[in-house]
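What follows is the residue order along each chain.
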Number of protein chains: 2
Amino acid sequence: MHSGPKHTGRTGRPPRLSQETIIFAAQDLLAAEGTRGLSMRRLARELDSTPMALYHHVRDKDDLLLLLLEEHARTIPRPALPEDPRDRMITAGQLLHDVLAGCPWIVEVLASDDLMAKSALWIVEAIVDSAVECGLSPEGAVDAYRAIWYYTAGELLIRVSRERRTAEASRPSHRDQTFATLSPDAYPRLSSLAGQWPELTRRDTHRQSLEALVDGLLARV
Amino acid sequence: MHSGPKHTGRTGRPPRLSQETIIFAAQDLLAAEGTRGLSMRRLARELDSTPMALYHHVRDKDDLLLLLLEEHARTIPRPALPEDPRDRMITAGQLLHDVLAGCPWIVEVLASDDLMAKSALWIVEAIVDSAVECGLSPEGAVDAYRAIWYYTAGELLIRVSRERRTAEASRPSHRDQTFATLSPDAYPRLSSLAGQWPELTRRDTHRQSLEALVDGLLARV
DNA sequence: ACCTGAACACCGTTCAAGT
DNA sequence: ACCTGAACACCGTTCAAGT
């Protein structure tokens with residue numbers, strides 16, 4: 001609303017584009033079509049502009065992704081965490097997961113850049129802090145955080161690609177074919193589970209595994 | 001060496017290309033330049049051929065990746081596993097990791113397709129089987145396998161991108177900048193660790209975390 | 001059967017120019 | 001300051017044609 005241009009330009013029409021409008025358009029594109037839908041050219045088209053106009057407001061595509069990351073991190077709620085350090089560790093880990101599950105494109109960015117949005121670092125702080133309070137050394141607490149982050153990132157990345165794949169639903173799934181032709185002698189467990197495999201792997205078991213991981217990590221003090 | 005063409009062609013010169021030569025060239029490309037180096041056009045250029053010639057031996061790029069996956073899986077050794085089911089579970093999990101760590105491009109393929117090469121399924125069988133022997137239900141064993149797989153995939157994916165990033169080493173790492181400007185009041189743990197963060201996160205802690213995860217999963221019987 | 005060339009519909013980004 | 005157009009160096013893939 002306070003859309004007065006910041007420059008004291010004595011000439012010319014007001015800018016048509018801004019970081020803000022670009023970010024909003026990019027969010028729409030991501031929500032509608034996922035990471036694959038977001039390209040500089042496509043974004044420009046959506047804004048009735050040219051690819052190069054964007055580069056006036058954003059350094060490059062990576063910079064745009066960073067801005068999107070910060071924007072999302074700003075919107076996440078910040079609930080009170082449990083007192084008990086083990087519970088706090090699990091709750092924070094769950095939060096890390098939930099915050100990202102809502103927009104999984106972010107995980108691809110996070111994984112591909114190893115960067116954390118500053119506005120989400122309080123979750124990392126909470127995990128490391130509760131781990132220390134549980135008796136881990138500072139180094140051990142960082143290791144524990146990393147294990148949780150790897151597990152979370154893997155879960156989200158694989159879930160995203162599974163959903164993308166089943167959405168496209170092109171061929172009869174290489175995996176199902178593989179399972180169908182499994183020799184019961186060589187693979188007794190897998191072939192006896194072959195029929196249930198799809199539904200078994202689709203279940204949401206994140207919470208239980210997170211608890212198991214945390215308990216396992218804390219058992220080593 | 002047994003390079004006789006399979007067709008009984010009564011005409012024409014022998015085929016210049018074959019799945020075999022294509023796969024070898026693709027492996028070289030991947031080894032030399034990673035996933036980003038592998039494109040159909042680039043591969044054709046490397047083979048002194050045209051992009052379209054490849055499509056005669058391979059359905060599309062995904063098919064080529066699948067062939068590469070199978071080829072790699074065939075080469076992995078198959079060591080004897082420990083008798084003790086917990087040890088076997090950990091050893092198999094470690095194996096899953098090690099087999100993939102050697103060619104991390106594979107993880108990107110695996111994650112993006114949720115497919116397992118048939119020749120590597122014995123590792124999955126070993127994990128699920130040992131989990132059942134440890135007292136988990138078949139469903140619980142699958143859940144345990146998935147937790148291990150998510151953790152492993154996350155670790156590898158993030159490691160690959162970290163290595164790629166530090167190799168390119170363009171800017172002074174957004175993450176380091178973020179850590180440097182952390183307020184000690186709001187982030188006491190993280191800011192006290194800020195200086196050590198790079199080396200702490202570079203350490204290989206896979207084995208310990210895997211053991212923690214397995215023990216945590218087995219503790220829930 | 002095996003390969004080529006031209007084409008289609010895309011990418012991210014640079015550079016020189018317009019207002 | 002802000003935007004445009006043309007260009008560069010790429011993608012995966014289809015289609016029609018050559019031998």
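Residues numbered from 1 in each chain as written. Chains lettered and ligands numbered in written order. Predicted model: local features only at pLDDT ≥ 70, side-chain atom pairs only at ≥ 80, totals over all residues. Heavy atoms only, no water.

1. Some remarks on the overall build of chain A
Point 1. A count of helical and extended segments in chain A gives 12 helices and 0 strands.
Point 2. Starting at the N terminus and ending at the C terminus, chain A contains elements arranged as α-α-α-α-α-α-α-α-α-α-α-α.
Point 3. The buried share of chain A, taken over its 221 residues, is 49%.
Point 4. Restricting to contacts in chain A with at least 6 residues of sequence separation, those with at least 24 account for 68%.
Point 5. With the model as given, the accessible surface of chain A reaches about 11,300 Å², and the carbon-plus-sulfur share is 52%. (Helix = DSSP H or I, 4+ residues; strand = E, 2+ residues; numbered from the N terminus. Buried < 20%, exposed > 50% of the residue type's maximum accessible area, 1.4 Å probe, protein only. Contact = heavy atoms within 4.5 Å. Areas by Shrake-Rupley, 256 points an atom, 1.4 Å probe, with all protein chains shown as cover.)

2. Examining the protein's contact with DNA strand C
Point 1. Within the structure, DNA strand C sits among 21 residues, and R41, M52 and Y55 of chain A together with R16 and H57 of chain B are positioned closest to it.
Point 2. Counting only atoms of DNA strand C within 4 Å of the protein, the sugar-phosphate share comes to 48%.
Point 3. In the environment of DNA strand C, a phosphate oxygen lies 3.4 Å from a nitrogen or oxygen atom belonging to the side chain of R45 of chain A.
Point 4. In the model, a phosphate oxygen of DNA strand C is placed 2.5 Å from a nitrogen or oxygen of the R16 of chain B main chain.
Point 5. Mapped by element, the contributors of at least two residues to the surface near DNA strand C are α2 (40-46) and α3 (51-54) of chain A together with α3 (51-54) of chain B.
Point 6. Tallying contributions element by element places α2 of chain A first for the surface near DNA strand C, with 4 residues.
Point 7. Considered class by class, the residues forming the surface near DNA strand C number 8 nonpolar, 6 polar and 7 charged. (Near = heavy atom within 4 Å. Polar contact = N/O pair within 3.5 Å; in protein donor to acceptor, adjacent residues only side chain to side chain. Nonpolar A, V, L, I, M, F, W, Y, C, P; charged D, E, K, R; others polar.)

3. A word on the pattern of salt bridges
Point 1. Summed over the entire model, instances satisfying the criterion amount to 28 salt bridges over all chains.
Point 2. A salt bridge links D87 of chain B to R86 of chain B; the shortest N-O distance between them is 3.2 Å.
Point 3. Of the charged contacts in the structure, one is a salt bridge between E211 of chain B and R207 of chain B, with a shortest N-O distance of 2.9 Å. Here E211 of chain B and its partner R207 of chain B are both found in helix α12 (residues 206-218), 4 residues apart, which amounts to about one turn of the helix.
Point 4. One network of salt bridges, in which partners are shared, links R86, D87, R207, E211 and D215 of chain A together with R220 of chain B. (Salt bridge = Lys/Arg side-chain N within 4 Å of Asp/Glu carboxyl O.)

4. Description of the protein's contact with DNA strand D
Point 1. Close to DNA strand D lie 21 residues, the nearest being R16 and H57 of chain A together with R41, M52 and Y55 of chain B.
Point 2. Taking the atoms of DNA strand D that fall within 4 Å of the protein, sugar and phosphate contribute 49% of them.
Point 3. Contact between DNA strand D and R16 of chain A: a phosphate oxygen at 2.5 Å from a main-chain N or O atom of the residue.
Point 4. L17 of chain A has a polar backbone atom sitting 3.0 Å from a phosphate oxygen of DNA strand D.
Point 5. When grouped by side-chain class, the residues that make up the surface near DNA strand D number 8 nonpolar, 6 polar and 7 charged.

5. What about the confidence of the model for chain A?
Residue and element names in this part refer to chain A.
Point 1. Taken residue by residue, chain A gives an average pLDDT of 86. The fraction at 70 or more is 88%.
Point 2. Taken element by element, the predicted model of chain A shows its lowest mean pLDDT in helix α6 (residues 105-113) (73) and its highest in helix α12 (residues 206-218) (98).
Point 3. Contacts for the low-pLDDT stretch residues 1-12, under 50 throughout, to residues beyond four places or in other chains number 2 contacts. (pLDDT = per-residue confidence, 0-100.)

6. Some words on the UniProt feature "domain: HTH tetR-type" (unreviewed entry) in chain A
Point 1. The feature "domain: HTH tetR-type" (unreviewed entry), as annotated in UniProt, sits at residues 16-76 of chain A in this numbering.
Point 2. In residues 16-76 of chain A, helix accounts for 67% and strand for 0%; the two terminal C-alpha atoms are 29 Å from one another. (UniProt positions renumbered as here; feature names shortened; annotations may be inferred.)

7. Considering α12 of chain B
All names here are of chain B.
Point 1. Over its 13 residues, α12 runs 18 Å from end to end, which matches the ideal 18 Å to within 8%, given 1.5 Å per residue.
Point 2. Judged by how many residues are buried, α12 sits mostly within the fold: 10 of 13 residues are covered.
Point 3. The complete set of buried residues in α12 reads H206, S209, L210, E211, A212, L213, V214, G216, L217 and L218. (Expected span 1.5 Å × (residues − 1).)

8. As for the relation of the copies chain A and chain B
Point 1. Between chain A and chain B, which share one sequence, the superposing operator has a rotation angle of 180° and an axial displacement of 0.0 Å; the RMSD is 0.0 Å. Taken together, the rotation angle and the small translation identify this as a two-fold axis.
Point 2. In this assembly the copies share their binding face: 100% of the residues contributing to the interface of chain A also contribute to that of chain B. (Least-squares fit on C-alpha atoms with pLDDT ≥ 70 in both.)

9. Here we look at the packing of helix α5 (residues 85-101) of chain A against helix α7 (residues 121-133) of chain A
All names here are of chain A.
Point 1. At their nearest, the axes of α5 and α7 sit 8 Å apart, and the two run at 155° to each other. It follows from the interaxial angle that α5 and α7 lie roughly antiparallel. Between α5 and α7 lies a crossing whose hand is left-handed. Across the interface between the two elements, P85, R88, M89, A92, G93, L95, L96 and V99 of α5 pack against W122, I123, A126, I127, D129, S130, A131 and E133 of α7.
Point 2. For the contact of α5 with α7, a count of residues per class yields 11 nonpolar, 2 polar and 3 charged. (Axes fitted to C-alpha atoms, helices over the stretch in contact; angles between N-to-C directions. Parallel < 35°, antiparallel > 145°, perpendicular 65-115°, else oblique. Left-handed = near helix turned anticlockwise from the far one by under 90°.)

10. Re the UniProt feature "DNA-binding region" (unreviewed entry) in chain A
Point 1. Under the present numbering, the feature "DNA-binding region" (unreviewed entry) in UniProt falls on residues 39-58 of chain A.
Point 2. Counting secondary structure, residues 39-58 of chain A comes out at 55% helix and 0% strand; the distance between its end C-alpha atoms is 13 Å.

11. Observations concerning unusual backbone geometry
Point 1. One non-glycine residue, D48 of chain A, lies in the positive phi region at around 50°.
Point 2. Note that D48 of chain A resides in the loop between α2 and α3.

12. Topic: helix α7 (residues 121-133) of chain B
All names here are of chain B.
Point 1. Across its 13 residues, α7 extends 18 Å between first and last C-alpha, which sits within 8% of the 18 Å expected from 1.5 Å per residue.
Point 2. For α7, a buried count of 12 out of 13 residues is recorded, marking the element as mostly surrounded by other parts of the structure.
Point 3. Of the residues making up α7, those classed as buried are L121, W122, I123, V124, E125, A126, I127, V128, D129, S130, A131 and V132.
Point 4. Once α7 ends, the next one or two residues include G135, with phi positive near 110°.

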